[in-house]
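Structure assessment
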Amino acid sequence: MLNIKLNKETYQITPQQRTRPPVVHHFWRIAIIFALLLGFPSGIYLWLYINHQLDELSGYTFLLSVHSTIQLLGFFGLFILGFLYTAGYHLNGGSPRPIKHITWVLPALITGIILKLYPPTEVIGNSFITLAFGFTGYVMLVAAKEGGFSRPAHSTLTLLGLITFSVAPWLNLLDPHIVLYVVLGGPVLFVLLAGLQLIFNVMKGSKLEGLPSSTFAIQITIAYTLLTVHTFVKPVALYFISLSFLLPVVYYIVKVRLISGIKYCGPTSLALAFILGFSWLITSLLLLAIHGGFFMENTIHLIVLGQISTHILAVGSRVIGFFSGEYVIAEEKLIGLILFWQIVPVTRGLDILLDFPYFTSWITSAVTGIVFVLWSFLMFAKIRKV
Ligand code: HEM
C-alpha cells in the first residue's frame, strides 16, 4: 500500500509521493549512523594519533580498516544507493522497479559491511556487498535498456561507478593507490551523475545529450580504463591518469554550462557546493599530475572531504527538505556550515603540502565533529517526517 503523507506546511502531496513512496531516507539514515558512530570518530582518532596528540593506540590497522570500510562503503555507498533507487531509473531513461523487488538490498548491504569488519566472516560480508551493488548495476542496466541506451553519459557513469563499488570490498582499502581507483571510479562519478540532473533541472544549465553525451561517455571510459590498468595491471604515470580525468571533467563543465548555471542560481548552497566540489577535484587531479603519488593519502582526503562530503552536505539537505516538505536547515545557515566545513579538507588534505603544525589536527577534529554532528541531527529530525 502506498502510504501517502501530507506536507505539513502546505498540505500538499509532494510529486514524488504521488507516484511511489520515497526510499531515499531509509538508505541515508543508516549512512549517517555509520559515519557518525564509526567512520568519522575513527578518522579523528587516527588523525590525532598520527599527529602525536595521543600516546597509546593498539589495533591501528583494525581501526584504519573500520574507518576506510565504513566511510567508503557504508557512508558513500549507502548515500549513492539511496540516490540511485530514487533518481537512477529515470536518469538512465527507464521507469522505477516496484519497491518490493529492492527491499532486500539495504539489509544485505548493512549485513555485508558488519560481517566484513570481522575477519572470519569477511568473505561472506564481501559477497553480500558485491551482491547489493552488483544487483543495483543490473537494475540500472535494465533501466538504460528500457530507455534504448539513449543517455550514454548517464549510463556510463552509473555502470562504471557500480562496477567499482562491486569490486571494492575485495580490494585492499588501506592502500592509498587502490583507494584512488575506488574514489575516482566510484563516488566521484556519482557526483558527476547527480550534477547532470541538478545542473539542468535546478540551475538551468544545459542537458548533456546527443553527441556531447557520447563524447563524454567515451572520454570517461578511457580515463576509467587507464586508471584500472594503472591499479591492477601495470602502473601508468600518474600525470597521465590525472590528465585523462581532467579532460572529461573540463568538457563536462563546459557542456552542461555550469558557470552560467552558477550565475543563474546566485549565492546558494547548491552553487557553492559545485564551485567548491569542482575546485577540490581539479586541485587534487593537478596535485596528482605534479607530485605523483607522493601526497596520495592527502589527495584522497581532499577529494572525499572537499568534493564528495561537501556535495553530501548540500544535496542531502536539499533532497530531504524536498521529501519532508520542510527545510533541513535554513539556506544561509547551510551556506555557513558548508564554508565552515572547508576547514576539514584544508587541514586534513593539504596538511603535508602546507606543513601545518601537529596541533592543527585538533582543529580538523573539532570542525569535523561539530559540523557532522549538527548536520546529522538536523537531517534525522526531518528524515522522521518523510
Ligand atoms: C568521508 C570522509 C572520509 C573518507 C571516505 C576517508 C577514507 C579513508 C581511507 C579509504 C583511508 C585508508 C587509505 C588511506 O590511507 O588513504 C583513510 C585513512 C585515514 N583517514 Fe580518512 N576518510 C575520511 C575522513 C577522514 C577524516 C575527517 C579524518 C580526520 C579527521 C580522517 C583521517 C584519516 C587518517 C588519520 C587515516 C590514516 C592515514 C595513514 O595511515 O597514513 N579521515 N581514510
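Here the structure is a predicted model, which means the values were calculated and not measured.

1. Overview of the overall build of the chain
Helix and strand content of the chain: 17 helices and 0 strands. Computed over its C-alpha atoms, the radius of gyration of the chain comes to 20 Å, within 12% of the 21 Å expected for a compact globule of 386 residues. The principal-axis extent of the C-alpha atoms belonging to the chain is close to 55 × 50 × 45 Å. Within the chain, the proportion of its 386 residues that are buried is 48%. In the chain, the proportion of contacts linking residues at least 24 apart, taken out of those at least 6 apart, comes to 77%.

2. Some points on the site of the ligand
In the region of the ligand, 27 residues are neighbours, and Gly43, Leu46, Trp47, Ser68 and Gln71 sit closest. Looking at the shell around the ligand, the elements with two or more residues in it are helix 2 (24–50), helix 3 (60–91), helix 7 (176–185), helix 13 (296–324), helix 15 (343–349) and helix 17 (360–383). Of the residues that constitute the shell around the ligand, the class distribution is 16 nonpolar, 9 polar and 2 charged.

3. Considering helix 9 (residues 210–233)
Counted at 1.5 Å a residue, the expected span for helix 9 with its 24 residues is 34 Å, and the 33 Å between its end C-alpha atoms agrees. Regarding helix 9, the residues found buried are Ser213, Phe216, Ala217, Gln219, Ile220, Ala223, Tyr224, Leu227 and Thr231. Residues of helix 9 that are buried sit in contact with helix 6 (152–167), helix 7 and helix 10 (238–255).

4. Here's the deal with the packing of helix 2 against helix 3
Packed helices, taken two at a time, are described by the angle their axes make and the gap between the axes. Running from N to C, helix 2 and helix 3 cross one another at 160 degrees; their axes reach a closest spacing of 8 Å. With respect to helix 3, the axis of helix 2 lies roughly antiparallel. Here the hand of the crossing between helix 2 and helix 3 comes out left-handed.

5. A few points about the environment of Leu272
Mapped onto the elements of the fold, Leu272 is located in helix 12 (residues 269–291). Sequence separation of Leu272 and Leu238 is 34 residues, and the distance between their C-alpha atoms is 29 Å.

6. Overview of helix 8 (residues 187–201)
Counted at 1.5 Å a residue, the expected span for helix 8 with its 15 residues is 21 Å, and the 21 Å between its end C-alpha atoms agrees. Maximal helix bending in helix 8 amounts to about 25 degrees, located at Gly195. Among the 15 residues that make up helix 8, 12 are buried, leaving the element largely enclosed by the rest of the structure. All buried positions along helix 8 are accounted for by Pro187, Val188, Leu189, Phe190, Val191, Leu192, Leu193, Ala194, Gly195, Leu196, Leu198 and Ile199.

7. Let's talk about the confidence of the model for the chain
A residue-level look at the chain finds 95% of positions with pLDDT of 70 or above and a mean pLDDT of 93. Here residues 1–6 is modelled with pLDDT under 50, and outside its nearest four sequence neighbours on either side it reaches 8 contacts, counting other chains as well. Of the regions scoring below 50 in pLDDT, residues 8–14 engages in 15 contacts with residues more than four places distant in sequence or in other chains.

8. Digging into the packing of helix 4 (residues 105–116) against helix 5 (residues 122–146)
With their axes 7 Å apart at the nearest point, helix 4 and helix 5 run at an angle of 150 degrees to one another. With respect to helix 5, the element helix 4 is oriented roughly antiparallel. As for how helix 4 packs across helix 5, the hand of that crossing is left-handed. On helix 5, the residues touching Val105, Ala108, Leu109, Thr111, Gly112, Ile113, Ile114, Leu115 and Lys116 of helix 4 are Glu122, Ile124, Gly125, Asn126, Phe128, Ile129, Leu131, Ala132, Phe135 and Thr136. Residues belonging to the contact of helix 4 with helix 5 are distributed by class as follows: 12 nonpolar, 5 polar and 2 charged.

9. Some words on the environment of Val254
Looking at the secondary structure, you find Val254 in helix 10. Residues Val254 and Pro96, 158 residues apart in the sequence, show an inter-C-alpha distance of 31 Å.

10. Describing unusual backbone geometry
For His52, which is not a glycine, the phi torsion comes out positive at approximately 60 degrees. Structurally, His52 is set in the loop between helix 2 and helix 3. Positioned with a positive phi, Arg257 is a non-glycine residue whose angle comes to about 55 degrees. Mapping Arg257 onto the fold places it in the loop between helix 10 and helix 11 (258–265). In this structure Arg257 comes out as partly exposed when scored by C-beta crowding, with 18 C-beta atoms within 10 Å.

Conventions we followed
- Residues numbered from 1 in each chain as written.
- Predicted model: local features only at pLDDT ≥ 70, side-chain atom pairs only at ≥ 80, totals over all residues.
- Helix = DSSP H or I, 4+ residues; strand = E, 2+ residues; numbered from the N terminus.
- Rg over C-alpha atoms; globule rule 2.2 N^0.38 Å.
- Buried ≥ 20, exposed ≤ 12 C-beta atoms within 10 Å, placed from the backbone.
- Contact = placed C-beta atoms within 7 Å.
- Near = placed C-beta within 6 Å.
- Nonpolar A, V, L, I, M, F, W, Y, C, P; charged D, E, K, R; others polar.
- Expected span 1.5 Å × (residues − 1).
- Axes fitted to C-alpha atoms, helices over the stretch in contact; angles between N-to-C directions.
- Parallel < 35°, antiparallel > 145°, perpendicular 65-115°, else oblique.
- Left-handed = near helix turned anticlockwise from the far one by under 90°.
- Bend = angle between axes of the 7 residues up to and from the residue.
- pLDDT = per-residue confidence, 0-100.

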